[in-house]
Amino acid sequence: MSEYKMKPGKIGEKVIGAYKNVEEKFVGTFLEEDGSMKTGGMAEKVTGAYKKVEDSVVGGYKKVEDAFVDAFLEKSEDGSSADTEHTEE
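This text gives an overview of the structure that appears in the document.

Rules used throughout
Residues numbered from 1 in each chain as written. Predicted model: local features only at pLDDT ≥ 70, side-chain atom pairs only at ≥ 80, totals over all residues. Heavy atoms only, no water. Salt bridge = Lys/Arg side-chain N within 4 Å of Asp/Glu carboxyl O. Helix = DSSP H or I, 4+ residues; strand = E, 2+ residues; numbered from the N terminus. Buried < 20%, exposed > 50% of the residue type's maximum accessible area, 1.4 Å probe, protein only.

**Observations concerning the pattern of salt bridges**
Part 1 of the reasoning: Considering all chains together, one arrives at three salt bridges under this definition.
Part 2 of the reasoning: Linking Asp-55 and Lys-51 is a salt bridge whose minimum nitrogen-to-oxygen distance equals 3.3 Å. Highlighted residues: Asp-55 and Lys-51, both in helix 2 (residues 43–72), separated by four residues, approximately one helical turn.
Part 3 of the reasoning: The class of Asp-55 is partly exposed, set by a relative accessible area of 43%.
Part 4 of the reasoning: Take Lys-51: its relative accessible area is 44%, and that puts it in the partly exposed class.
Part 5 of the reasoning: One salt bridge connects Lys-62 with Glu-65, and the closest N-O pair in it is separated by 3.6 Å. With Lys-62 and Glu-65 both in helix 2 and three residues apart, the pair spans about one turn of that helix.
Part 6 of the reasoning: Exposure remark for Lys-62: the relative accessible area of 42% places this residue in the partly exposed category.

Take a look at the structure:
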């Protein structure tokens, strides 16, 4: 499938912002400066839970994106943008 980039809109920007805040808090709490994991009893449990949440969010977004692409976009055969206007002669 071709690569597309969706404009997030107001709601999408809020979701992305919230996700980035969670990610920043996670990184600050569980990662060292060099990117390695901080050790501790809860580190594996928390990273596993975070990974599940991340997979769910990304998977849900991907489903919405795929449905949008299938419903509203089509790949043009010649690589040029499709003419969406219909004119009668």
